[in-house]
Each structure stands twice: as C-alpha cells, then as structure tokens.
Amino acid sequence: METPAVSDSCAAGKATDTSGPHLVELIKQSLKTDTVNYLLIPDEEDLIKQSLIYACDVLKVRAVFTTGGTGFAPRDVTPEATRAIITKEAPQLTLAMTLCSLEKTKFAVLSRAVCGVRNKTLVVNFPGSKKAVGECFQSIVDVLPHLLNLLSEGEIERVRETHRKVQATGDGPVPQEVYHVCPHATGKGGDDRNSPFPMIDVDDALRQILATIPSVQTARKQLSRVNIPPFRASIKDGYALKSIGGKGMKKVIGYISAGDAIVQTNFTIDECYKINTGAPVPQHADAIIQVEDTKLVSRKNDYESIVEILAEPSASLDIRSIGSDLRMSEEVFQYRFPLDACQRALLAAVGEKASVVKLKVAIISTGDELLHPYDTSAAADASSLEGKIFDSNTTMLVALVRQCGFTEDQCEIQQRVVKDDFESLKAEIESLTGAVHVIICTGGVSMGDKDFVKPVLKALNYELIFGRVNMKPGKPCAYATSKVTKFFGLPGNPVSAFVTFHLFALPALRQYLATLNETAPNAAKASLPMITVELLDAKYVLDPRPEYARASIVSRNGKLLASITGGQISSRLKSTVEADVLLELPARTETKPYITAGTPLKALVLRSDFISRYE
C-alpha cells in the first residue's frame, strides 16, 4: 500500500499533515497490514503522476490512496494527475464516498476525487481533511479486500469464497479475511487466461530438479603425501632433555627454534636444549619440560646457562610423534563442494593445490524497466527514470552464489540484463545454452504479455520440468533442462527470487559442482539446514499456499524464537536484510486461518550467524 499526501505547505514543512498519518492507521487496522508507505509531495501534477506511476509500475503496490488536492483551488490537480495514469475508472467508489460525505455536509459536492485502476493497482483520491478521510474510507472499506483480491492473480479462492458468502447471505459487507480464485480457472491455460502448468509441492519440485542433474556414486578421496608432523615436534615452549636424567640442575647447551634443523649431536643427562613450540626435538632427547616447571639459576652473556628442572620428566612428554596428526598415504578427507576453508587448509598442510573444475553460471535479469544500478548518467537524468527501476536481482544473485561458497576458482559467473522481447531473450539464452552449466533468470515467468521465458525455452527445445510451485512467494517459478544447461526461471520480484534461489537453485549448484569434480554429492548438505523455532509474533494470518516468511531469530533462555521481518510482500527486498531464516508456514485452512505466538515451526537457516539477539 502507498499513501501520498499532496500538499505544498506540508511538503515544504510549513504545515503538519494529519490526514495522511490518520489514513495510514486506518489502512493498517482495517486491512490488517503493516506494509504501508507514506509520502509527502507538493501540488505539482507531473510529480504526482510520476509518483503514482512509480508506485503502480515499479513498486507494484496493491493500492495507492492519496489525500488532498481534490478541490477547486488552482493547485488542486490530484484528480487530473490520477485520471491521466489510470487504465480503468471506478466511478462507483467515488459515488459511495460522495454519498457518505453528503450526509455530513452539502459542501461534499465540491470534491472532484477520482478512483480507478492502473493495471493491477487500485488508486483512490481522498479529501485533504482528517475528518473527511475517515468518513470516506469507512464508506468503501468493506469492499476493499474483495476489490484488491479481484486485481490479484493469486487470490482466486478468496474471491470464490466471497461470492459464495454474498450469494448465501445477500448484499452486505464483504468479509475481510477471504481469498480470491477466478471461478473460470480450468488449469488448462488458453481462453481461461490462467497458467496451464499445474502447481507442484516444493519438495517435489526439488526432487525433480536434482533428478535432472548428473551425479556420481563414489566419493573422491584426498590422500596425504607427507607425515604431519614430519619430525618429532615440541608441544610446549620449554627444555628438551633425556627423561632418565630426572629432575635437578641442567646445563643449557643450545637453543632450538621452529624451522631449525634436527640436532643430531648426543648430550649427557645433565644437559638440555631450550626449545620453542613446534621446533624439532633433538634426536637424542625424549622429553620436553615446559618453562613453567623450571627455575632459571644463572645466565651468561644474556643467554641462559643453568636451569633447575622442577618436574619429573617422563618419556615422550609433550612431544608430537612423526605422523601423529596425519600419516603418509592416510585419507585426509572425502571431497565436498564448494571447497570450504577447512578442506583448503588441509590441502595446504599436505602440500597440495586445490584443483577444481569450475561450474559455469549465467545470471540474467529480464525487463524493459531495468537500469544498471550504478548508471550515473541515468540517475542524473530524472526523465530517464520514469517507469524505470534499478536492477537489484543480478547483484543479489551473484552475491548469494559467492556467499554460499562458490568462489571465483570454483565458479565462473556471467551476468546480463535482457529486454522484454522474445527475440532478445531467445538470442541470449541460445548463446548460453551448452556454454554454461546453469542459467539463473529472473522475471518473465508469469502470465504477463511480456513474459517470454517459457515460450523461449520451448522454442530452444528445453524440457520444461515444471512451471509453477505451490508456495509463497515464488509461485511462477519454472525449471527446464537441456543436455548440459539447466535453467532456473525465478520470479522477477526480488524476494521471490531470493527465496526460490535458496530452495531450488542452491542445492542444484552444489550437486552440479560436485559431479563436475567426480564427487558424490552430499544430499544432506545440499539444502539449507533446518532448525525448530517458536513464533514470537502475537498473530500471523496464513496464506492459502505454504509460505516461506523471512524471520529473525532471538535466543531467549536457550529457546529460539522467530520474529517475522515486517511486511512479506514479494517486492519488499528489505524483508530479507534482517532475515536469519526462512520460516516454513503451513497453508491456511478453515480450521486454522492463522498462527499465534508459541507455535512450533520449522526454519531454514540462511547464514551461520543466524541468531540476531540473545535475551
């Protein structure tokens, strides 16, 4: 939801807007949402139009409610700006507000408010006074949920339920907690204007993906070509001596540091060598006495000459024997990919270089509206920003691939932005097919006029494994395969792309990289790790689809509690910033429409430092 307040004086800071904040609270309470953006703008028609277009076309909010600028003053231009950008007018909404206001004052006839729809976004003009805003909002609030569901592709069941209730009870207020499915949907596509692809479960989608990616059964093992340590090494800073000499006074006859050659010279039981941790033990010594168990008796020319050994030495005391950590030809580890810091450290310890066959990945964002995020020329030209957004998906996905361990020596990444037309997309995917192992594409997978991904895949003879998944967010997610290249068609909304990447693309990348390097994939570690948490929020209304909500984790007396990170609309990338986990929420049922604090839930861990706060 977006609520612009239109006023020169408020925008300039000369007056305080009261109607806008009041409307925000009405929306939050009546429509049960926390995702309401509030904006103050001056009475300038072009600026109002740009703000409305940005909210509708770029942010793709469900509704925009304006306050102010609906009268006859020279600067009252909100109706003109609104009428210029809407694609359908809704005069009966305006009439309902007018009739309600006329019951309060005859001056209501002077309002020129406009209501309508731009694509899938509702736009409503409210008057500028706080009192009038409250009255007008109440006149239409009962039908708003149903109207918003009618504009949404994913709310068919809610609309159907509303129709049933209205038909059963007669005309009356529309229930606010209902869900819309178009009653004409057949699931066959074509004339019913619905996707022909059946929705499959998340687990089934992942199984089908992994089944198309080659794998090997045998584990690749790394053997050691050296002994670690390759010599007897001192565990402590202390004195190397012969244990049969026991305690007492010892003459210090030399100093041994790490990296020195092994002392081959024999010595008496009354002699010793001062030695550092990790240094090679003299050939004829069999014990190390730590510094703390000795007493310095005398020095000569700044060097120790006599020490007293206070502890009784024993054979092999504080000495690491040859090969005690790792023996030559012993198995170091079984490979897992991507290679992590521990595997790399062990390879270095045995003198081996990491040898990896790189996984080749291409990341594509589709959309005529997309600008490069660092295009300073576009940012400087305000006119070039109209109807445009900066592309965040490629930046996010490249960073996620790297963050999940696919370093440059293991994974080669290309990134592209492609226009929304069939031939451009076809040419791009055709050039990558066979040249890369995985294409991750965002956008163009839904039911819009410019959603060309699935037709392009068909034209390029990809096998389309699935085209929709029963989940929120991410329903239009698609997956296709060719002989070499695997294609992930993720939704364009950034949060949908974020969630579907973690659930589907990440496990596939891990399995493919393992296979390229002749290693059996670790199925248990392919997907995100799962923990059990309890809901911290007082109440959360469930969706008809299973939902993967972004949540932060609080540890309270050892118990893990999950707090959902604000509005979960799929365009709100901010919901991922504080997210520690993806919270698995069940689908809504008649007997369980919501969950409350204390409900146990499964959560998929997004990062190693997944506890945001300890209490």
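Conventions and cut-offs
- Residues numbered from 1 in each chain as written.
- Predicted model: local features only at pLDDT ≥ 70, side-chain atom pairs only at ≥ 80, totals over all residues.
- Heavy atoms only, no water.
- Buried < 20%, exposed > 50% of the residue type's maximum accessible area, 1.4 Å probe, protein only.
- Helix = DSSP H or I, 4+ residues; strand = E, 2+ residues; numbered from the N terminus.
- Pairing = 2+ DSSP bridges.
- Contact = heavy atoms within 4.5 Å.
- Axes fitted to C-alpha atoms, helices over the stretch in contact; angles between N-to-C directions.
- Core = buried A, V, L, I, M, F, W, Y, C linked by side-chain atoms within 4.5 Å.
- Salt bridge = Lys/Arg side-chain N within 4 Å of Asp/Glu carboxyl O.

Undergrad: Please give an account of the pairing of strand S12 (residues 271-275) that cites residues and values.
TA: Most of S12 is tucked away, with four of its five residues classed as buried. Both strand S10 (residues 238-241) and S12 contribute to a ladder of three bridges, which runs antiparallel. Counted as the bridge partner of Ala-240 is Tyr-273 from S12. Pairing of strand S11 (residues 248-256) with S12, which is carried by four bridges, proceeds in the parallel orientation. Opposite Val-252, over in S12, you have Cys-272 as the bridge partner.

Undergrad: Just give me the short version of helix H12 (residues 393-403), but keep the residues and values in it.
TA: Residues of H12 that are buried: Asn-393, Thr-394, Met-396, Leu-397, Val-398, Leu-400 and Val-401. As for H12, its buried residues are in contact with strand S18 (359-366), strand S21 (411-418), strand S22 (438-442), strand S26 (486-490) and helix H15 (494-516). Gly-405, located one to two residues past H12, shows a positive phi value of around 105 degrees.

Undergrad: Lay out the sheet that holds S22 in plain terms, naming residues and giving numbers.
TA: Strands sit in the order S21-S18-S22-S26-S25-S23 across an open sheet of six strands; the sheet is mixed. Single-partner strands in this sheet number two, and they are S21 and strand S23 (463-466). Across this sheet, the average inter-strand angle for adjacent strands is 20 degrees, counted without regard to direction. Across four bridges, strand S25 (residues 478-481) lies against S26 in antiparallel orientation. Of the residues in S26, the one forming a bridge with Ala-480 is Phe-487. Its contacts with the sheet place H12 against S18, S21, S22 and S26, and it is angled at close to 170 degrees to S21. Each of S18, S21, S22 and S26 touches helix H13 (residues 422-432); the most contacted strand, S21, lies at about 170 degrees to it.

Undergrad: Talk me through the nonpolar core; I want residue IDs and the actual numbers.
TA: In terms of nonpolar packing, the biggest core is built from 56 residues, with Ile-440, Phe-488, Phe-501 and Phe-504 touching the most fellow members. The set of elements that each furnish at least two residues to this core consists of helix H9 (202-211), strand S17 (331-334), S18, H12, S22, S23, S26 and H15. Ranked by residue count, the leading element in this core is H15, at 13 residues. Among residues more than four places away in sequence, those in contact with Phe-501 are Leu-397, Leu-400, Val-401, Cys-404, Ile-440, Leu-490, Leu-506, Pro-507 and Leu-509. One finds Val-24, Met-97, Cys-115 and Phe-126 within the second-largest nonpolar core, a separate group that totals 25 residues.

Undergrad: So what about the pattern of salt bridges? Which residues, and what values?
TA: Scanning the model with the defined rule gives 21 salt bridges in all. Across the pair Arg-207 and Asp-204 runs a salt bridge, and its minimum N-O distance is 3.9 Å. Of this pair, Arg-207 and Asp-204 are both found in helix H9, three residues apart, which corresponds to roughly one turn of the helix. Using a relative accessible area of 27% as the deciding quantity, one classes Asp-204 as partly exposed. Via salt bridges that share partners, Lys-472, Asp-543 and Arg-545 belong to a single interconnected network.

Undergrad: Please give an account of unusual backbone geometry that cites residues and values.
TA: Here the residue pair Phe-337 and Pro-338 is connected by a cis peptide bond, since its omega of 0 degrees sits within 30 degrees of zero. Secondary-structure assignment places Pro-338 in the loop between S17 and helix H10 (341-349). Here the residue pair Lys-472 and Pro-473 is connected by a cis peptide bond, since its omega of -5 degrees sits within 30 degrees of zero. Even without glycine at this site, Asp-318 takes up a positive phi of about 55 degrees. As for its position among the elements, Asp-318 is in the loop between strand S15 (303-309) and strand S16 (319-320). A relative accessible area of 19% means that Asp-318 is categorised as buried. Positioned with a positive phi, Asn-461 is a non-glycine residue whose angle comes to about 65 degrees.

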